[in-house]
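Spelled out, the chains give:
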Amino acid sequence: MDQYECIETDTVEDVSVVKFVDERMMDAARIEQLGSELMDAISGDDNDRVVINFENVSFFSSAAVSKLLVAEKRIRSQGGQLRLSNLRPEVRDVFSLTKLDSVFRIEDEQTTAIKTLQ
Amino acid sequence: MLERNIPSNPDICAKLMQSLVDALEDFGWAEREIFGIRMAMEEAIINAIRHGNRCSTDKMVLVQMSVNGDDFIGTVTDEGDGFDPEKVPDPTDEENLERCSGRGLALIDNFADEMQYNATGNSLTIRKRK
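Residues numbered from 1 in each chain as written. Chains lettered and ligands numbered in written order. Predicted model: local features only at pLDDT ≥ 70, side-chain atom pairs only at ≥ 80, totals over all residues.

*Asks:* Run through the packing of helix α1 (residues 10–26) of chain B against helix α2 (residues 31–52) of chain B, naming residues and quoting values.
*Replies:* Residues and elements named next belong to chain B. Put simply, α1 and α2 touch, their axes get as near as 10 Å, and they point 155 degrees apart. One way to sum up the angle between α1 and α2 is to call them roughly antiparallel. α1 and α2 meet at a crossing whose hand is right-handed. The segment α1 lies against α2, with Pro-10, Cys-13, Met-17, Leu-20, Val-21, Leu-24 and Glu-25 engaging Ile-34, Ile-37, Arg-38, Met-41, Glu-42, Ile-45, Ile-46 and Ile-49. (Axes fitted to C-alpha atoms, helices over the stretch in contact; angles between N-to-C directions. Helix = DSSP H or I, 4+ residues; strand = E, 2+ residues; numbered from the N terminus. Parallel < 35°, antiparallel > 145°, perpendicular 65-115°, else oblique. Left-handed = near helix turned anticlockwise from the far one by under 90°. Contact = placed C-beta atoms within 7 Å.)

Okay, here's the thing in C-alpha cells:
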C-alpha cells in the first residue's frame, strides 16, 4: 500500500512522520481505513521511530483512539517508539481523561517530538 | 427539538452530528463545548448501534436532541436489552489502559455535565449547560 487516502507520510531527520488528512475522525469506514493505512505505514524495519502529528485534527473519537493503540503496540513490538504531537487542547482531553496520556507520550510540537527520538 | 430514528449504521451518525454542530454554532456555543457535546453524543450513538442493537440492520436508534442558547439535552435509545453501566470496566484502571475499546462511557461522563441511563439501560440522556 503505497498511496494513502487517510494519512500523509514523510521522513524528517530519519524519523517517520504521519499526519492525518481528515480534520474529523468520525466516519466508521474511514476510521477502519485509517487503521489499515496506519499499520501499513509503520510496518517495516525503517519505521522504528514514529511521530504522529495531529495538527489537522479537530475531532478524534474513541474508535480512532483504538486504532492508535493498535499502532502503538505494533511499534513497541518492533522495538520502536511513538510520539504524538500538535494536539489541540480538546483532542488532548480525549487522551488525558481516559489516562491514555500515560500510554502515549505526547509533545506539544513535532520538532520536540522528533528530538526526543534522536 | 431534533428527532431522528436512524438505522444501526455508524456512517449515518456522522451526518446527524453535522446537523447538531450546525445547531450549536447557530446558538453561539463555543468550539470546545461543541467538541464535548459532539463527542458525548457520537459515543452514545455508536454504543447504541454496536452494543445495544449489535449492529442489527432491522433495529433502529432513536436520537432526540434539544438545544438552545443555554442548554443541550440529548437522548439516545436503542432496541437492545439494556445493560448495567455500573458493570462496565473502568478504562482508566491500569489493567484496562491498553484495551482497544470501552472508553465511550468514560468520555461521555467527562464531556457531559450529566448522564443518566433509564432503568432498563437502553436509553441514555446527556445534559450540558453552556
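Now that the structure is up, let's keep going.
*Asks:* An account of the pairing of strand β6 (residues 81–85) of chain A is needed here, citing residue identities and associated values.
*Replies:* Among the five residues of β6 of chain A, four are classified as buried, and the element is accordingly described as predominantly covered. Following the backbone out of β6 of chain A, through helix α3 (residues 89–97) of chain A and into the adjacent parallel strand β7 (residues 105–107) of chain A, one traces a crossover that is right-handed. (Buried ≥ 20, exposed ≤ 12 C-beta atoms within 10 Å, placed from the backbone. Right-handed = clockwise from strand over helix to strand, strands pointing away.)

*Asks:* Help me get a handle on the interface of chain B and chain A, residues and values and all.
*Replies:* The interface is formed by 21 residues belonging to chain B together with 20 residues belonging to chain A. At the level of secondary structure, the elements contributing two or more residues to the side of chain B that touches chain A comprise α1, α2 and α3 (104–111) of chain B. Considered class by class, the residues forming the side of chain B that touches chain A number ten nonpolar, four polar and seven charged. (Nonpolar A, V, L, I, M, F, W, Y, C, P; charged D, E, K, R; others polar.)

*Asks:* Can you explain the sheet that holds β6 of chain A? Please cite residues and give values.
*Replies:* All names here are of chain A. Taken together, five strands build an open sheet; the order of strands is β1-β2-β4-β6-β7 and the sheet is mixed. What marks the edges here is a single partner per strand, and that holds for β1 (7–12) and β7. If you compare each strand with its neighbour and ignore which way they point, the axes differ by 25 degrees on average. In this structure, strand β4 (residues 49–53) lies alongside β6, joined through five bridges in parallel fashion. Bridge pairing in β6 links Arg-49 to Gln-81. Its contacts with the sheet put helix α1 (residues 28–42) on β1, β2 (15–20) and β4, and the angle it makes with β1 is roughly 20 degrees. (Pairing = 2+ DSSP bridges.)

*Asks:* Just give me the short version of the packing of α2 of chain B against α3 of chain B, but keep the residues and values in it.
*Replies:* Residues and elements named next belong to chain B. Across the interface, α2 lies against α3 with an axial gap of 9 Å and an inter-helix angle of 150 degrees. When the interaxial angle is binned, α2 and α3 end up roughly antiparallel. Our pair here, α2 against α3, has a crossing hand that is left-handed. Between α2 and α3, the residues in contact are Gly-36, Met-39, Ala-40, Glu-43, Ala-44, Ile-46 and Asn-47 and Gly-104, Leu-107, Ile-108 and Phe-111, respectively.

*Asks:* Talk me through α1 of chain B; I want residue IDs and the actual numbers.
*Replies:* Residue and element names in this part refer to chain B. Taking 1.5 Å as the rise per residue, α1 with 17 residues should run 24 Å; its terminal C-alpha atoms sit 25 Å apart, in good agreement. Along α1, the residues classified as buried are Pro-10, Cys-13, Met-17, Leu-20 and Leu-24. Looking straight down α1, one finds that the buried residues subtend no more than 60 degrees of arc, so they occupy a single side. For α1, exposure combined with an orientation more than 90 degrees from the buried face picks out Asp-11, Lys-15, Asp-22, Glu-25 and Asp-26. Immediately beyond the C-terminal end of α1, within one or two residues, lies Gly-28, with a positive phi of roughly 80 degrees. (Expected span 1.5 Å × (residues − 1). Arc of directions from axis to C-beta.)

*Asks:* Quick rundown of the sheet that holds strand β1 (residues 2–7) of chain B? Include the residues and the values.
*Replies:* Residue and element names in this part refer to chain B. A sheet is described by the order of its strands in space; here five strands give the open sequence β1-β2-β3-β5-β4, paired in antiparallel fashion. Each edge of the open sheet is held by one strand with a lone partner, namely β1 and β4 (114–117). Strand-to-strand twist of the sheet, defined as the mean angle between neighbouring strand axes without regard to direction, takes the value 15 degrees. Against the sheet, α2 touches β2 (60–67), β3 (71–77) and β5 (123–129), its axis set at about 180 degrees to β5.

*Asks:* Go over helix α2 (residues 62–77) of chain A with me, naming the residues and quoting the values.
*Replies:* A rise of 1.5 Å per residue sets the reference length of α2 of chain A, with its 16 residues, at 22 Å; its end C-alpha atoms lie 23 Å apart and thus fit the reference within 8%. Three or more residues of α2 of chain A are buried, namely Ser-62, Ala-63, Ala-64, Val-65, Lys-67, Leu-68, Ala-71, Glu-72 and Ile-75 of chain A.

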